[in-house]
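# Structure assessment
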Amino acid sequence: MSRLDGIAALITGASSGIGRGLARVFLREGARVFLTARGEERLRETAEELEAAHPGRTGFAASDVGDPESAAAMARAALDRFPDLSVLVNNASILGVRAPIIEQDPKVWADTLRINTASLLYVTKPLLPAFLERETASIINVSSTVGRIGKPNWGPYAVSKFGLEGFTQTLAAELKGTGVRVNSVNPGATRTPMRAAAYPAEDPLTLPTPEDIAEVFVRLASPESAGVTGQALNARDYLEVA
């Protein structure tokens, strides 16, 4: 029996990078997966690839999760596709601009916080009634090293991920005792397009792939993590046992 048999999950930012890698691993572990991302063409290609490998176990809808109406419509579509949905991975994010705060463009700053932080409310809130009714669910928010220790030139991205950590702690406290658990995961440096954009001189082959760092996400999505909530976890801590 696979570790995620009987579990349905929604993954945002699922057309590439960590989201796409997690979708692959979740499906291999027996889950059904609903994918969303802003770019419909690339999302459709990803969904079709995964559906071909795992017939009948995927669904998708394009969405701007930083827009409350778009996010709510996508959440409804996910519940329509998988009424027993019980796992949410809030992974969608953008890098913003790496520059000193004194040089930051207010529009880029606002867009980064809208997509990386405000989206947490826009996606999570419509799903909470269903999660609470099920009495067991897992919300996994994808954080960052710079969301826990601020670093120069990471301005809007760092602030947005610090906000994600605050959202995680607040919601976990509010839902304590309900069976709905809420945790954050810092993937660490991972072989993704976003990482390549942030560090263009870095050799991506020196980094683990999204599939390599998926173990902690599988644990949090599965019954293995019952009772684990309000935690700020690091994917690298689980690499040796994956």
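Going by the structure above, here's the rest.
Values in this document were obtained by computation on a predicted structure and should not be read as measured data.

## Observations regarding the packing of helix α1 (residues 17-28) against helix α2 (residues 40-53)
- It is the contact of α1 with α2, at a shortest axis distance of 11 Å, that shows an interaxial angle of 15°. Taken as axis vectors, α1 and α2 run roughly parallel relative to one another. Seen along the crossing, α1 lies across α2 with a hand that is right-handed. Note on element contacts: α2 touches α1 through Thr46, Glu49 and Leu50, opposite Arg20, Ala23, Arg24 and Leu27.
- Residues of the contact of α1 with α2, tallied by class, amount to three nonpolar, one polar and three charged.

## Let's talk about the pattern of salt bridges
- For the structure on display, the rule yields twelve salt bridges.
- As a salt-bridge pair, Arg24 and Glu211 come within 3.2 Å of each other at their nearest N and O atoms. On the criterion of sequence distance, the pair formed by Arg24 in helix α1 and Glu211 in the loop between α6 (193-198) and α7 (215-221) is long-range, its members being 187 residues apart.
- The exposure class assigned to Arg24 is partly exposed, which follows from its relative accessible area of 26%.
- Judged by its relative accessible area of 24%, Glu211 is partly exposed.
- One salt-bridge network, held together by shared partners, links Arg3, Glu215, Arg219 and Glu224.

## Thoughts on the sheet that holds strand β6 (residues 180-186)
- The strand order β3-β2-β1-β4-β5-β6-β7 describes an open sheet built from seven strands, whose pairing is parallel. This sheet does not close on itself; its edge strands, each paired only once, are β3 (58-60) and β7 (232-234). Direction aside, neighbouring strands of the sheet carry axes that sit 20° apart on average.
- With three bridges connecting them, β6 and β7 associate as parallel partners. Bridging from a neighbouring strand, Ser184 pairs with Ala232 of β7.
- Each of β2 (32-36) and β3 is contacted by α2, which is oriented at about 170° to β3, the strand it contacts most.
- Sheet contacts for helix α5 (residues 155-174): β5 (137-142), β6 and β7; angle to β6, the most-contacted strand, approximately 160°.

## Focus on the side chain of Thr192
- When you line up the elements, Thr192 lands in the loop between β6 and α6.
- Relative accessible area serves as the criterion here: at 16%, Thr192 is assigned to the buried category.
- Engagement of the side chain of Thr192 in a polar contact is seen with the backbone nitrogen of Arg195, the distance being 3.1 Å.
- Non-local contacts of Thr192, meaning those with residues more than four positions away in its chain, are made with Gly17, Ile18 and Pro210.

## Describing the packing of aromatic side chains
- Here the structure, examined in full by the defined rule, presents one aromatic pair.
- With 5.7 Å between their ring centres and 50° between their planes, Trp154 and Tyr157 make a pair best called tilted. The exposure classification of Trp154 matches that of Tyr157, with both residues buried.

## What about the environment of Gly19?
- With respect to the helices and strands, Gly19 occurs in helix α1.
- According to the relative accessible area criterion, Gly19 is buried, its value standing at 0%.
- The sequence separation of Gly19 and Val89 amounts to 70 residues, and the corresponding C-alpha distance is 8.3 Å.
- Among all residues touching Gly19, those that are not within four sequence positions of it are Ile11, Gly13, Ala14 and Asn91.

## As for the side chain of Thr112
- Summarising the element assignment, Thr112 is placed in helix α4 (residues 106-134).
- Among the polar contacts listed, one links the side chain of Thr112 to the backbone oxygen of Val108, at a separation of 2.7 Å.

Scoring rules and cut-offs
- Residues numbered from 1 in each chain as written.
- Predicted model: local features only at pLDDT ≥ 70, side-chain atom pairs only at ≥ 80, totals over all residues.
- Heavy atoms only, no water.
- Axes fitted to C-alpha atoms, helices over the stretch in contact; angles between N-to-C directions.
- Helix = DSSP H or I, 4+ residues; strand = E, 2+ residues; numbered from the N terminus.
- Parallel < 35°, antiparallel > 145°, perpendicular 65-115°, else oblique.
- Left-handed = near helix turned anticlockwise from the far one by under 90°.
- Contact = heavy atoms within 4.5 Å.
- Nonpolar A, V, L, I, M, F, W, Y, C, P; charged D, E, K, R; others polar.
- Salt bridge = Lys/Arg side-chain N within 4 Å of Asp/Glu carboxyl O.
- Buried < 20%, exposed > 50% of the residue type's maximum accessible area, 1.4 Å probe, protein only.
- Pairing = 2+ DSSP bridges.
- Polar contact = N/O pair within 3.5 Å; in protein donor to acceptor, adjacent residues only side chain to side chain.
- Phe/Tyr/Trp six-rings, centres within 6.5 Å; stacked < 30°, edge-to-face > 60°.

Remember that the coordinates give geometry; whether it matters functionally is a separate question.
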